[in-house]
Amino acid sequence: VESHCEGSDPETCGCWSVDQGDYRGTIAVTAEGEECGRWENGGGHNPADYPHSGLEENYCRNPIPNYLGHRKAFCRGAYNFIDEPCDVPYCFPLPSSCDGMDFVTGDDNSNERKA
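Quick caveat: nothing in here was measured; it's all calculated off a predicted structure. (Residues numbered from 1 in each chain as written. Predicted model: local features only at pLDDT ≥ 70, side-chain atom pairs only at ≥ 80, totals over all residues. Heavy atoms only, no water.)

## Notes on the pattern of salt bridges
Within this structure, the stated rule accounts for four salt bridges. In this structure, Glu40 and Arg38 form a salt bridge, with 2.6 Å as the shortest nitrogen-oxygen distance. Among the residues examined, Arg38 registers a relative accessible area of 36% and is labelled partly exposed. Between Arg76 and Asp83 there is a salt bridge, with the nearest N and O atoms lying 3.1 Å from each other. If you follow the salt bridges from partner to partner, you end up with Arg38, Glu40 and Glu57 in one network. (Salt bridge = Lys/Arg side-chain N within 4 Å of Asp/Glu carboxyl O. Buried < 20%, exposed > 50% of the residue type's maximum accessible area, 1.4 Å probe, protein only.)

## Here we look at the packing of aromatic side chains
In the structure shown here, the tally under the stated rule is two aromatic pairs. Between Trp16 and Tyr90 the ring centres are 5.0 Å apart and the planes differ by 55 degrees, which places this aromatic pair in the tilted class. Residue Trp16 is found in the segment before strand E1 (74-76), and its partner Tyr90 is found in the loop between strand E2 (83-85) and helix H1 (110-114); the two are separated by 74 residues along the sequence. What makes Trp16 buried here is its relative accessible area of 11%. (Phe/Tyr/Trp six-rings, centres within 6.5 Å; stacked < 30°, edge-to-face > 60°. Helix = DSSP H or I, 4+ residues; strand = E, 2+ residues; numbered from the N terminus.)

## Details of the state of the cysteines
In this structure the tally under the stated criterion is three disulfides. Between the sulfur atoms of Cys60 and its disulfide partner Cys86 the distance amounts to 2.1 Å. Between Cys60 and Cys86, the S-S torsion sits near -80 degrees, and that sign places the bridge as left-handed. In this pair, Cys60 sits in the segment before E1 while Cys86 sits in the loop between E2 and H1, placing the two residues 26 residues apart along the sequence. (Disulfide = S-S within 2.5 Å.)

Put into structure tokens, the structure is as follows:
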């Protein structure tokens, strides 16, 4: 995945426009603090199937942006084996359409915050 945003730095942040599919840093815990499992240990995201997605070790990645609703880098928990979002920072500036977004889950909470 190519980077498509201003301020891109794939080693430290992921671009909103590609759902953090460009992130190549070493964060390896979920947003809830659970250790990530290794990609090659199963879970439907085989590194051989996504050769350009950086599925290395147990680092947070998004091999198929917006696949099954994944709007940010994620990993499969080492113990619960569920895909969980990671707390990977977004590269800034974000597009104005991102006002009100929850930057951990990617959910749009703009109506809640304006109330």
